[in-house]
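# Overview (structure and organization)
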Amino acid sequence: MIIRNGRVVTEDAVIRADILIRGETIAAVGCDIPLPPDCTVIDAAGMFVFPGGIDVHTHMNLDTGVAVASDDFYTGTVAAACGGTTTIVDHIGFGPAGCRLDHQIERYHGMADGMAVIDYGFHGVIQHVDDGVLADMGRLANEGITSYKVYLTYGFKIDDGGLFRVLEKANETGVLIAVHPENDGVITHFRACFKAQGKLAPKYHALSRPAECEAEAVNRAILLARMAGDAPLYIVHTSSAIALSCIMAARERGQRRIFAETCPQYLLLDENRYDLGEDSLKYIMCPPLRTGADNEVLWNALPQHLDTVATDHCPFMFATQKMPAKDDFTRCPSGVPGVEERMALLFSEGVQKNRITLRRFTDLTSTNPAKLFGMYPRKGVIRPGSDADLVIIDPDKQVTIRQKNLHSRVDYSVYEGLETQGWPVYTINRGEVIVKKGEFIGKKGRGVFIQRKRGVYG
Ligand SMILES: [Zn+2]
């Protein structure tokens, strides 16, 4: 297969070039590649060709104990593919109390195998800390699980001593710890107060998790990482200016191995969504939406200070899973869909509005995720020898986002009605066209588990 006449975003430049694909990999990138006989040709004139999107923060099938996320590894990855994403790294959900790390990893292999239509990996989840768990971290890293998530809030939160031991072990074994940073003590207190006062409308969800809660936990995790010998640390879903300021301060102090992710919802949506009555339930997520000023600060940080844009895709049905909590936000499952919209949103709102360059778009959506999570240069880059994972975006295609045109198994989009300029039209994963002119044509279960290597932490 050959992709001709596209504007190709490589590691160093944006060039007009052809891409020759042989089997599952890129064979050549350049001008005037002679056309092999019987070669499929995709004409990408007027379009941009990027490395396939890598979304390192999804929650397919997540079981929160109250509700199960409505996308499984089939529907969720079809949506991802239609949005130009060729690889996800899914965050494994909690298992039974006291379970070993293998327990959930095996369970997730069972859920993704035969279902996923794009390539996938898993972040392990650490829900308690003991010698066995720490030993497993090192062992499993050799089986392709080279990153682990810890939560500083929720039922299986890790305390400071536990987090410190995990960071020390991660530093020793060369794996990356992803942290969900929110101060549990303050949130628990606010929730109890609001409950006692009958303040249970959706907006109290946001008021119970102020930005300072996030920043405090970010700062704490950063300093623990520093004490653990400058352990690499990945901050998920950075949502606020104050949390970002802690990350930037750490780097200025010389802590270079702190990495930060944000998500489209924290760039494009703000706390006014909690003034919409029952509709506000659609926007219940953790961390909650912040202010317009926070949105702006995060946009301004994208060119330099944020490393990745992922989605935290975790959809729940509005009608049947969120609405039952209309009189009590504490019963509402937390999470929003977004895996399909990510690339188009960042292209339209970022590249087209001159907030980020084409190169930066590629770093945020593909190259940096591949580097940090041990898939580079197999993925995240257009060069000979790499997997032929590509997305072709037509910059002239105008799409108004409508849930009914998206592919997630969910009954709403938080971006409903948003007009985008530019949309993925072809998605290619390991040399196979799986989305053609916006239509999914791949087979269920064709995605493969990626045995990730250790990441590149600078
Ligand atoms: Zn998440």
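Look up a bit, the structure's there.
This section reports on the structure supplied with the text. (Residues numbered from 1 in each chain as written. Predicted model: local features only at pLDDT ≥ 70, side-chain atom pairs only at ≥ 80, totals over all residues. Heavy atoms only, no water.)

A separate point is the overall build of the protein. Looking only at helices and strands, the protein has 13 helices and 17 strands in total. Expressed as lengths along the three principal axes of its C-alpha atoms, the size of the protein is roughly 70 × 50 × 45 Å. Residues classed as buried in the protein amount to 62% of the 458 residues present. A fraction of 76% describes how many contacts in the protein between residues 6 or more apart in sequence connect residues 24 or more apart. Across the protein, 50 positive and 56 negative side-chain charges occur, with their mean positions spaced 1 Å apart. (Helix = DSSP H or I, 4+ residues; strand = E, 2+ residues; numbered from the N terminus. Buried < 20%, exposed > 50% of the residue type's maximum accessible area, 1.4 Å probe, protein only. Contact = heavy atoms within 4.5 Å. Lys, Arg positive; Asp, Glu negative; His and termini not counted. Charge placed at Lys NZ, Arg CZ, Asp CG, Glu CD.)

Spatially, β6-β7-β8-β9-β10-β11-β12-β13 is the arrangement adopted by the eight strands of the open sheet, whose pairing is parallel. In this open sheet, the two edge strands, each paired with only one partner strand, are β6 (53–58) and β13 (308–309). Set on the sheet, helix α2 (residues 101–112) makes contact with β7 (85–91), β8 (119–125) and β9 (147–151); between it and β8 the angle comes to about 155°. (Pairing = 2+ DSSP bridges. Axes fitted to C-alpha atoms, helices over the stretch in contact; angles between N-to-C directions.)

What follows is about the packing of aromatic side chains. Following the criterion strictly, the structure yields 19 aromatic pairs and no others. Each ring, one from F347 and one from F361, has its centre 5.9 Å from the other, and the planes form 80°; the classification is edge-to-face. Of this pair, F347 sits in helix α12 (residues 342–351) while F361 is found in helix α13 (residues 358–372), placing the two residues 14 residues apart along the sequence. Note on F361: relative accessible area 0%, which makes it buried. Put simply, the rings of F73, Y108, Y120, F122 and F449 pair up and form one aromatic cluster. Geometry around F318 places K282 over its ring, the cationic atom sitting 4.9 Å from the centre. (Phe/Tyr/Trp six-rings, centres within 6.5 Å; stacked < 30°, edge-to-face > 60°. Lys NZ or Arg CZ within 6 Å of the ring centre and 35° of its normal.)

Turning our eyes to something else, we now look at the pairing of strand β5 (residues 48–51). Put simply, side chains in a regular strand alternate between the two faces of the sheet. Note: strand β1 (residues 2–9) against β5, two bridges, orientation parallel. Note that in β5 the partner of R7 across the bridge is F48. Looking at chain direction, β5 and strand β14 (residues 390–400) are connected through four bridges and run antiparallel. Bridging across to β14, V49 finds its partner in I392.

Quick look at the packing of α12 against α13 now. Running from N to C, α12 and α13 cross one another at 150°; their axes reach a closest spacing of 11 Å. With respect to α13, the axis of α12 lies roughly antiparallel. When you trace α12 past α13, the crossing you get is right-handed. The segment α12 lies against α13, with R342, M343, L346, F347 and V351 engaging L358, F361, L364 and T365. Taken together, the residues of the contact of α12 with α13 sort by class into seven nonpolar, one polar and one charged. (Parallel < 35°, antiparallel > 145°, perpendicular 65-115°, else oblique. Left-handed = near helix turned anticlockwise from the far one by under 90°. Nonpolar A, V, L, I, M, F, W, Y, C, P; charged D, E, K, R; others polar.)

Orientation of helix α7 (residues 211–227) relative to helix α8 (residues 241–252), taken along the N-to-C sense of each, is 20°, at an axis distance of 7 Å. Taken as axis vectors, α7 and α8 run roughly parallel relative to one another. Read as a crossing pair, α7 and α8 show a hand that is right-handed. Packed against α7, whose contacting residues are A211, E212, E214, A215, V218, N219 and I222, the element α8 presents I242, A243, C246, I247 and A250 at the interface. Residue classes in the contact of α7 with α8 are distributed as nine nonpolar, one polar and two charged.

With that settled, consider the coordination of the zinc ion. Bound to the zinc ion are the protein donor atoms H57 (NE2), H59 (NE2) and D312 (OD), situated 2.0 to 2.1 Å from the metal. Linear spacing of the donor residues for the zinc ion on their chain is H-x1-H-x252-D. You can see H59 sitting in the loop between β6 and α1 (75–82) and its partner D312 sitting in the loop between β13 and α11 (318–322), a full 253 residues away along the chain. On the basis of relative accessibility, which here comes to 12%, the residue D312 falls in the buried class. (Donors = N, O, S within 2.8 Å, 3.2 Å for Na, K, Ca; no water.)

With the rule as written, the count across this model stands at 31 salt bridges. Residues R355 and E349 are paired through a salt bridge, measuring 3.6 Å at the closest nitrogen-oxygen approach. One salt bridge connects R360 with D363, and the closest N-O pair in it is separated by 4.0 Å. In this pair, R360 and D363 both sit in helix α13, three residues apart, roughly one turn of the helix. (Salt bridge = Lys/Arg side-chain N within 4 Å of Asp/Glu carboxyl O.)

Relative accessible area serves as the criterion here: at 15%, D363 is assigned to the buried category. C-alpha separation for the pair D363 and G380, spaced 17 residues apart in sequence, amounts to 8.2 Å. Excluding anything up to four places from it in sequence, D363 contacts D307, N368 and P369. A polar side-chain atom of D363 sits 2.7 Å from a polar atom in the side chain of R359. (Polar contact = N/O pair within 3.5 Å; in protein donor to acceptor, adjacent residues only side chain to side chain.)

We now examine the side chain of R360. The buried category is assigned to R360, whose relative accessible area is 15%. Here the side chain of R360 touches L306 through a polar contact of 2.5 Å, landing on its backbone oxygen. Excluding its chain neighbours within four sequence positions, the residues that come into contact with R360 are L302, P303, Q304, H305, L306 and N368.

With 117 residues, the main nonpolar core has M137 and L233 as its most contacted residues. Take this core: its biggest share by element is seven residues, from α7. If sequence neighbours within four positions are ignored, L233 has contacts with L167, L176, I177, V179, A221, I222, A225, R257, I258 and F259. Formed by 19 residues, the second largest nonpolar core is a distinct cluster that contains A17, I19, A388 and V425. (Core = buried A, V, L, I, M, F, W, Y, C linked by side-chain atoms within 4.5 Å.)

The quantities given are spatial measurements derived from coordinates; they are silent on function.
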